[in-house]
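Spelled out from the first residue to the last, the chains are:
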Amino acid sequence: MTRRELREHCFKMLFSADFYPSAEEVKEQLKQYFNAPEEDDVDPKGEVTILHNVEIKEEDSRYLEKRVAGIMDKIPEIDEQINEVAAGWRTKRMGKVELTILRLALFEMKYDDSIPEKVAINEAVELAKKFGGDESPSFVNGILAKFAGKDLLPSPAEPEKTGTEKA
């Protein structure tokens, strides 16, 4: 499975998890994700598009489960960072599609050294084009651009700087 396909599955899993209040419900829903039937749709040109393909290798499903759990553990930190830069927007007011894409992209930008920052942003915009509304790609790009080139979150072993330290 390609990285893009894995990212899309990760997005879908994170998106669905956001609708369940308890950890047990989330866990159960994520298990069911891999048993969901294949879904397709016909676009305006009459071409069939696969929306959800459940044929996932065991190693890919283990990767996705681990990845989703890792992102979900970081959601409070990631949301705090989004709230700091999203002028006029709070995560509670954002659409679930856009918020899920931002969470995934920021996780990739901060915690996954194998994904270049520009790739994480580009892939987030592509997810927004596919799953969001007309304004989603520019909204996602605008928020992520504020993080580009910045150290997003302090490392767990690194104390936050207060500005009073000596160089």
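The following refers to the structure shown. The structure presented is a predicted model; accordingly, all values stated were derived computationally and were not measured.

What follows concerns the pattern of salt bridges. Applying the stated criterion across every chain yields a total of twelve salt bridges. Between Arg-103 and Asp-18 there is a salt bridge; the shortest N-O distance is 3.6 Å. In this pair, Arg-103 sits in helix α4 (residues 96-111) while Asp-18 sits in the loop between α1 (3-17) and α2 (23-33), placing the two residues 85 residues apart along the sequence. According to the relative accessible area criterion, Arg-103 is buried, its value standing at 9%. In this structure, the salt-bridge partner of Asp-79 is Arg-103, at a minimum N-O distance of 2.6 Å. With a gap of 24 residues between them, Asp-79 in helix α3 (residues 58-85) and Arg-103 in helix α4 connect regions that are remote in the sequence.

Core analysis: the biggest nonpolar cluster contains 39 residues, and Ile-82, Ile-101, Leu-102 and Leu-144 have the highest contact counts within it. Put simply, the parts of the chain that give this core at least two residues each are α1, α2, α3, α4, α5 (117-131) and α6 (136-145). With nine residues, the single largest contributor to this core is α4. Excluding residues within four positions of it along the chain, Leu-102 makes contact with Ile-82, Met-94, Phe-139, Val-140, Ile-143 and Leu-144.

Before going further, it helps to examine the layout of surface pockets. Counted as a void, the largest pocket has a volume near 440 Å³. Ala-17, Val-26, Lys-27, Leu-30 and Met-72 are the residues nearest the centre of the largest pocket, which is lined by 20 residues in total. Every element with two or more residues in the lining of the largest pocket is listed here: α1, α2, α3 and α4. Its residues assigned to classes, the lining of the largest pocket comprises twelve nonpolar, two polar and six charged.

What counts and how
Residues numbered from 1 in each chain as written. Predicted model: local features only at pLDDT ≥ 70, side-chain atom pairs only at ≥ 80, totals over all residues. Heavy atoms only, no water. Salt bridge = Lys/Arg side-chain N within 4 Å of Asp/Glu carboxyl O. Helix = DSSP H or I, 4+ residues; strand = E, 2+ residues; numbered from the N terminus. Buried < 20%, exposed > 50% of the residue type's maximum accessible area, 1.4 Å probe, protein only. Core = buried A, V, L, I, M, F, W, Y, C linked by side-chain atoms within 4.5 Å. Contact = heavy atoms within 4.5 Å. 1 Å grid on protein atoms, 1.4 Å probe; cavity = no way out; pocket = protein on both sides within 12 Å on 5 of 7 lines; lining within 4 Å. Points joined across faces, edges and corners; volume = space filled by probe spheres on them. Nonpolar A, V, L, I, M, F, W, Y, C, P; charged D, E, K, R; others polar.

From the geometry alone we can't say anything about function, so treat these as descriptive.
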